[in-house]
Amino acid sequence: MTTIAIIGAGPGLGAAVAHRFGREGFAVALVSRNQERTNALAADLAEEGIAARGFAADVRDPGTLVAALDAAHKELGPIEILQYSPVPHRDFMRPVLETTPADLAGPIEFSVHGPVAAVRQVLPGMRALGRGTVLLVNGGTAVVPHPDRAGTSIAFAAESAYGQMLHDTLGAEGIHVAQLVIPGAIVPGHHRKDPAVLADTLWGIHRDRQGFRHFADDLES
């Protein structure tokens with residue numbers, strides 16, 4: 001059995017992805033800052049017969065993220081799929097003319113340092129398997145910067161560049177790197193942005209292994 005590690009696992013998209021990939025036979029590592037929440041999600045999955053564990057880590061502290069992924073590998077099995085989808089903090093979304101260099105430290109730690117640390121930790125295991133998938137989930141400012149959300153616009157653009165470079169570099173090794181852009185909010189009941197629908201979309205990206213950037217819905221103007 002191999003594992004999907006979901007960074008930023010919560011009761012919405014993270015839980016939906018965990019159930020979707022768990023039904024396909026993957027063990028599930030649920031990673032977030034809140035150990036109690038990940039434990040509760042893991043218990044829900046266990047009731048369906050899905051092997052799952054919760055792990056605590058802060059994506060702005062690479063050491064905790066590396067430790068969580070190492071523990072997940074040891075407890076659940078090799079990590080074949082890494083999903084990086086934590087929800088950005090509200091204070092990352094300041095207007096561009098009010099944004100100082102110090103204001104950008106958090107977004108960059110969140111959207112660049114975190115993914116880089118996570119990918120570097122799981123890549124040796126993917127190479128040993130001879131396959132792997134990295135799924136980056138971002139908001140619409142990854143593609144269309146918004147002057148009222150400067151931090152995420154800048155940091156998501158950097159994360160997108162990193163993902164594209166990984167896609168171009170690792171494809172020949174059987175490791176697929178892709179980005180799903182979700183414009184606006186995740187909306188329960190929406191025909192394209194309901195968590196279960198998005199989980200199906202992410203499963204399709206993993207399965208089909210075509211291209212880097214995918215859109216969950218039309219970009220908002």
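Higher on the page you've got the structure.
Residues numbered from 1 in each chain as written. Predicted model: local features only at pLDDT ≥ 70, side-chain atom pairs only at ≥ 80, totals over all residues. Heavy atoms only, no water.

### Considerations on the sheet that holds strand E2 (residues 27–32)
Taking strand neighbours across the sheet as the criterion, the seven strands line up as E3-E2-E1-E4-E5-E6-E7 in an open arrangement whose pairing is parallel. Looking at the sheet topology across the chains shown, the edges are occupied by strand E3 (52–56) and strand E7 (213–215). Each strand of the sheet is rotated relative to its neighbour by a mean of 20°, with strand direction disregarded. Relative to the sheet, helix H4 (residues 105–129) contacts strand E4 (79–84), strand E5 (132–139) and strand E6 (175–182), its axis offset from that of E4 by approximately 170°. Here helix H6 (residues 195–208) sits on the sheet in contact with E4, E5, E6 and E7, set at roughly 150° to E6. (Pairing = 2+ DSSP bridges. Helix = DSSP H or I, 4+ residues; strand = E, 2+ residues; numbered from the N terminus. Axes fitted to C-alpha atoms, helices over the stretch in contact; angles between N-to-C directions. Contact = heavy atoms within 4.5 Å.)

### Thoughts on the packing of aromatic side chains
Within this structure, the stated rule accounts for four aromatic pairs. For the pair Phe-21 and Phe-26, a centre-to-centre distance of 6.2 Å together with 55° between the ring planes defines the contact as tilted. An aromatic cluster of at least three residues, connected via ring pairs, comprises Phe-21, Phe-26 and Trp-203. (Phe/Tyr/Trp six-rings, centres within 6.5 Å; stacked < 30°, edge-to-face > 60°.)

### What to know about the pattern of salt bridges
One pass over the structure, following the stated rule, counts eleven salt bridges. Notably, a salt bridge pairs Glu-24 with Arg-20, separated by 2.5 Å at the nearest N-O pair. The exposure class assigned to Glu-24 is partly exposed, which follows from its relative accessible area of 37%. We classify Arg-20 as buried; its relative accessible area is 14%. Residue Arg-207 is joined to Asp-208 by a salt bridge in which the shortest nitrogen-to-oxygen separation is 2.9 Å. Connected through salt bridges with shared partners, the residues Arg-20, Glu-24 and Asp-200 form a single ionic network. (Salt bridge = Lys/Arg side-chain N within 4 Å of Asp/Glu carboxyl O. Buried < 20%, exposed > 50% of the residue type's maximum accessible area, 1.4 Å probe, protein only.)

### Remarks on the environment of Pro-107
Tracing the chain through its elements places Pro-107 in helix H4. Spatially, the C-alpha atom of Pro-107 lies 8.4 Å from that of Phe-156, the residues being 49 residues apart in sequence. Each residue touching Pro-107, except ones within four places of it in the same chain, is listed here: Phe-92, Val-112, Gly-151 and Ala-155.

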